[in-house]
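# A closer look at the structure
Spelled out from the first residue to the last, the chains are:
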Amino acid sequence: FKDWFQVEPLQEFHRVLPMEDFMDQLASEHWPPEHRKSFCFKMAASRSADKSTCPAKEGNPFGPFWDNFSVNFVGSELYEGLSYTTQDSNMVNKWQKKIPPGPVPGARLHGRSSKLPGPPAEHRPSPLPTLV
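Thresholds, definitions, all that
Residues numbered from 1 in each chain as written. Predicted model: local features only at pLDDT ≥ 70, side-chain atom pairs only at ≥ 80, totals over all residues. Heavy atoms only, no water. Core = buried A, V, L, I, M, F, W, Y, C linked by side-chain atoms within 4.5 Å. Buried < 20%, exposed > 50% of the residue type's maximum accessible area, 1.4 Å probe, protein only. Helix = DSSP H or I, 4+ residues; strand = E, 2+ residues; numbered from the N terminus. Disulfide = S-S within 2.5 Å.

Take the nonpolar core next. Counting residues in each nonpolar core, the largest one holds 11 residues, listed as Leu17, Met19, Phe22, Met23, Ala27, Trp31, Ala56, Trp66, Phe69, Val71 and Phe73. Among the elements that make up this core, the one with the highest residue count is helix 2 (residues 19-25) (3 residues). Core analysis: the second largest hydrophobic core is formed by 6 residues, Tyr79, Met91, Trp95 and Ile99 among them.

Each disulfide consists of one covalent bond between the sulfur atoms belonging to two cysteines. Under the defined criterion, the tally for this structure stands at 1 disulfide. Between the sulfur of Cys40 and that of Cys54 lies a disulfide, 2.3 Å long from S to S. Given an S-S torsion of about -100 degrees, the disulfide between Cys40 and Cys54 has left-handed geometry. Within this pair, whereas Cys40 is found in strand 2 (residues 37-41), its partner Cys54 is found in the loop between helix 4 (42-45) and helix 5 (62-68), the two being separated by 14 residues in sequence. Here Cys40 matches Cys54 in class, with each residue buried.

Here it is as C-alpha cells:
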C-alpha cells in the first residue's frame with residue numbers, strides 16, 4: 001500500500017495504520033494466528049466451495065491480498081440479520097453479542113464494513129485506526 005499511496009497526508013485527517021505495519025508490529029498480540037476467523041453474511045458462504053464457510057481467500061483480490069501477509073483463517077463465523085449502522089443501539093448490541101470485544105482481538109469482515117455512501121449521521125471519526 002505504501003508503494004502506491006502516500007500515507008502521511010491521510011494522517012492529517014484520520015489515524016492510519018498500513019497493513020504491513022499492523023502485521024509486523026501488532027498482529028501477534030492483537031490478531032494472533034489461532035484467532036484469525038473470517039466473518040461474513042450467511043449468504044456469502046453460498047459462494048464457497050463447501051457452501052458453509054466464508055470465502056475469505058477465494059478469488060482476486062482476496063486470496064492474493066491475504067497471502068501477501070501470510071494470513072490463513074482458522075475458521076468462519078456466519079451472521080445474518082445484522083447491518084453496519086451505529087445509529088441503532090439495538091444493532092450495536094446485536095453486533096457486540098455476535099462478536100464480543102474480549103475474546104476476538106481482531107475481526108476480518110468479508111467485504112466492506114458499511115454500505116456506501118454511509119448516512120450523514122455516521123460521518124464522524126472512528127475511534128479505531130483504519131488499516132490500509
